[in-house]
Amino acid sequence: MSVLSVSHLSKSFDGNLILKDVNLEVNEGECITILGSSGSGKSTLLRCLNLLETPDSGSIIYEDKDILKDKINVNKLRQEISMVFQQFNLFNNYNVLHNLTMPQEVVLHRSYKDAEQIALENLEKVGLLDRKDYKISKISGGQKQRVAIARSLCMNPNIILFDEPTSALDPSMVNEVLKVIKELAEQKITMIIVTHEMKFAENVSDKVVFMHDGRIVEEGTPEYIFHDSTNEELCRFLNKDMND
């Protein structure tokens, strides 16, 4: 069942067309990875899906509403279509637990007791229960990203967006974050992931999308994208990635 439907989406910055007539269907429980070179529009597309960027034209249908035209609560939308950023966006002066409880109290109006219980459950899911009292400034980059994932889970999102979740990490920390995301995919949490991790995309995705020059030029199963497609731009991209 479709939970998000993107039709004819376009977006410009300073007269430069970044997204060009983009169409995408997202089904419940689906893990979609988005591939493409830098500047292909991947992150812009992701940021349009919860209105961190406002598209110029097109439609995004979510829960039977066009979020670009119908009156919606943007804060509620961003809670339900949650974003995990490259740079974590955590509060460095608070400890790990407070970073998870505070958004629940402020946005969802949960009691501290309920927020704490949910936070502890999600810290356990990402393997960081033993770090609950640590200041954010005292944990590693991989641990920070896992805290950010746990924070997102605490908000009970319907869809989680990941914008290159491992790009800011040292290579030694990448696998610990990818392992958590893979476990979420196995739980059939709906996710859209912009990534440069090709093997991860092949292993975890239900559908892979390839963007080039602001358009989706190919999409399909991991088997099709990585082994069967004859799209010239995709083949050039994959060959370059393997040779880098």
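For the structure, check the block above.
Heads up: these notes are all about the structure in this document. The structure presented is a predicted model; accordingly, all values stated were derived computationally and were not measured. (Residues numbered from 1 in each chain as written. Predicted model: local features only at pLDDT ≥ 70, side-chain atom pairs only at ≥ 80, totals over all residues. Heavy atoms only, no water.)

### Quick word on the packing of helix H5 (residues 141-154) against helix H6 (residues 171-186)
Thought 1: H6 packs onto H5 with a crossing angle of 20° between their chain directions and a minimal axis gap of 8 Å. With respect to H6, the element H5 is oriented roughly parallel. As H5 packs across H6, the resulting crossing turns out to be right-handed. Listed contacts from H6 to Gly 141, Gly 142, Gln 143, Gln 145, Arg 146, Ile 149 and Leu 153 of H5 are Met 173, Glu 176, Val 177, Val 180, Ile 181 and Leu 184.
Thought 2: Split by residue class, the contact of H5 with H6 holds seven nonpolar, four polar and two charged. (Axes fitted to C-alpha atoms, helices over the stretch in contact; angles between N-to-C directions. Helix = DSSP H or I, 4+ residues; strand = E, 2+ residues; numbered from the N terminus. Parallel < 35°, antiparallel > 145°, perpendicular 65-115°, else oblique. Left-handed = near helix turned anticlockwise from the far one by under 90°. Contact = heavy atoms within 4.5 Å. Nonpolar A, V, L, I, M, F, W, Y, C, P; charged D, E, K, R; others polar.)

### A word on the sheet that holds strand E6 (residues 81-84)
Thought 1: If you walk across this open sheet you meet the six strands as E6-E7-E8-E3-E9-E10, and the pairing is mixed. Among the strands making up the open sheet, the edge pair consists of E6 and strand E10 (215-220). Neighbour-to-neighbour, the strand axes of the sheet open up by a mean angle of 20°, direction not taken into account.
Thought 2: As paired strands, strand E3 (residues 31-35) and strand E9 (residues 207-212) are joined by four bridges and run parallel to one another. Of the residues in E9, the one forming a bridge with Leu 35 is Phe 210. (Pairing = 2+ DSSP bridges.)

### Re the nonpolar core
Thought 1: Counting residues in hydrophobic clusters, the biggest one holds 35 residues, and the most contacted among them are Val 147, Ile 149, Phe 162, Ile 181 and Met 191.
Thought 2: If you list the elements that add at least two residues to this core, you get helix H3 (96-107), helix H4 (112-125), H5, strand E7 (159-163), H6, strand E8 (191-194) and helix H7 (198-204).
Thought 3: For this core, the leading source of residues is H6, giving eight residues.
Thought 4: With residues up to four places along the chain from it excluded, the contact list for Phe 162 reads Leu 46, Val 84, Ile 149, Ile 181, Leu 184, Met 191, Ile 192, Ile 193 and Val 194.
Thought 5: Core analysis: the next-biggest nonpolar cluster, separate from the first, contains 28 residues, Leu 51, Ile 67, Ile 81 and Val 194 among them. (Core = buried A, V, L, I, M, F, W, Y, C linked by side-chain atoms within 4.5 Å. Buried < 20%, exposed > 50% of the residue type's maximum accessible area, 1.4 Å probe, protein only.)

### A closer look at unusual backbone geometry
Thought 1: Non-glycine residue His 8 carries a positive phi angle of around 50°.
Thought 2: Of note, His 8 is situated in strand E1 (residues 2-13).
Thought 3: For Asp 213, which is not glycine, the phi dihedral falls at a positive 55°.
Thought 4: With respect to the element layout, Asp 213 can be found in the loop between E9 and E10.

### So, helix H1 (residues 42-49)
Side chains three or four residues apart in an α-helix point the same way, a direct result of the helix having 3.6 residues per turn.
Thought 1: Most of H1 is tucked away, with six of its eight residues classed as buried.
Thought 2: The set of residues buried in H1 consists of Lys 42, Thr 44, Leu 45, Leu 46, Cys 48 and Leu 49.
Thought 3: Where H1 terminates, the next one or two residues include Leu 51, which has phi positive at roughly 65°.

### Comments concerning the sheet that holds E1
Thought 1: Strand order across the open sheet formed by four strands is E2-E1-E4-E5, with antiparallel pairing between neighbours. Two strands in the sheet have a free side with no partner beyond their single neighbour: strand E2 (16-27) and strand E5 (65-66).
Thought 2: Where strand E4 (residues 57-62) meets E5, two bridges bridge the pair, whose relative direction is antiparallel. Looking at the pairing, Ile 61 lines up with Asp 66 of E5.
Thought 3: Each of E1, E2 and E4 touches H1; the most contacted strand, E1, lies at about 120° to it.

### Things to note about the environment of Glu 164
Thought 1: Structurally, the position occupied by Glu 164 is in the loop between E7 and H6.
Thought 2: Spatially, the C-alpha atoms of Glu 164 and Arg 131 are 24 Å apart, while their sequence positions differ by 33 residues.

### Examining the packing of aromatic side chains
Thought 1: Counted according to the given criterion, the structure contains two aromatic pairs.
Thought 2: With a centroid separation of 5.8 Å and an interplanar angle of 50°, the aromatic rings of Phe 91 and Tyr 94 are classed as tilted.
Thought 3: A relative accessible area of 40% places Phe 91 in the partly exposed class.
Thought 4: Since its relative accessible area comes to 27%, Tyr 94 is described here as partly exposed.
Thought 5: Between Phe 210 and Phe 237 the ring centres are 5.3 Å apart and the planes differ by 40°, which places this aromatic pair in the tilted class. Taken together, the residues Phe 210 in strand E9 and Phe 237 in helix H9 (residues 232-243) connect sequence positions 27 residues apart. Pair check on accessibility: Phe 210 and Phe 237 agree, each one buried. (Phe/Tyr/Trp six-rings, centres within 6.5 Å; stacked < 30°, edge-to-face > 60°.)

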